[in-house]
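# Coordinate inspection notes
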Amino acid sequence: MLVRDIMTRPALTASPATPVRAAAALLGGRGFTALPVVDDDGGLLGIVTEADLLRDRIRHDPRSPLLGGELAAGGPPVR
């Protein structure tokens, strides 16, 4: 089996300006766990994953020493 046998066509992609909610909807709607991020010419800039989208969305346990840094950093990114 080759990648082309399981890849969707056309490939679903996001741009750097894609809102986080829209990227999450693309992933969730298709059952994917990763999405290529491309520039205006279709060049690959990176990959956004489910883990990337969930990070900073769920607070650490209040007993965790990481919570102080989480609160100081502000809210999660939206793009």
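Scroll up to find the structure this text is about.
Everything quoted here is computed from the prediction, not taken from an experiment.

To continue, consider helix α2 (residues 20–30). When α2 is considered as a whole, its buried residues turn out to be V20, A23 and L27. Seen from one end, α2 has its buried residues packed into an arc of 70°, which puts them on one side. Opposite its buried face, α2 presents the exposed residues R21, G28 and G29, each directed more than 90 degrees away. Buried residues along α2 sit against β1 (34–38), β2 (44–49) and α3 (50–54). Residue G31 follows α2 closely and has a positive phi angle near 75°.

A few words now on the environment of T49. Relative to the helices and strands, T49 resides in strand β2. The exposure class assigned to T49 is partly exposed, which follows from its relative accessible area of 24%. Between the C-alpha atom of T49 and that of T33, which follows or precedes it by 16 residues, the distance is 5.6 Å.

Below, the discussion takes up the nonpolar core. One finds L12, A14, V20, A23, L27, L35, V37, V48 and L53 forming the largest nonpolar core, which totals 9 residues. Breaking this core down by element, the ones donating at least two residues are α2 and β1. Here the element with the most residues in this core is α2; it accounts for 3 residues. If we skip the residues at most four places from it in the chain, V48 touches T33, A34, L35, V37 and L53.

This part is about the environment of D52. Locating D52 in the fold gives a position in helix α3. Among the residues examined, D52 registers a relative accessible area of 31% and is labelled partly exposed. Residues D52 and A24, spaced 28 residues apart in sequence, show a C-alpha to C-alpha distance of 9.9 Å. Separated by 2.9 Å, the side chain of D52 and the backbone nitrogen of T49 make a polar contact.

Rules of the game
Residues numbered from 1 in each chain as written. Predicted model: local features only at pLDDT ≥ 70, side-chain atom pairs only at ≥ 80, totals over all residues. Heavy atoms only, no water. Buried < 20%, exposed > 50% of the residue type's maximum accessible area, 1.4 Å probe, protein only. Helix = DSSP H or I, 4+ residues; strand = E, 2+ residues; numbered from the N terminus. Arc of directions from axis to C-beta. Contact = heavy atoms within 4.5 Å. Core = buried A, V, L, I, M, F, W, Y, C linked by side-chain atoms within 4.5 Å. Polar contact = N/O pair within 3.5 Å; in protein donor to acceptor, adjacent residues only side chain to side chain.

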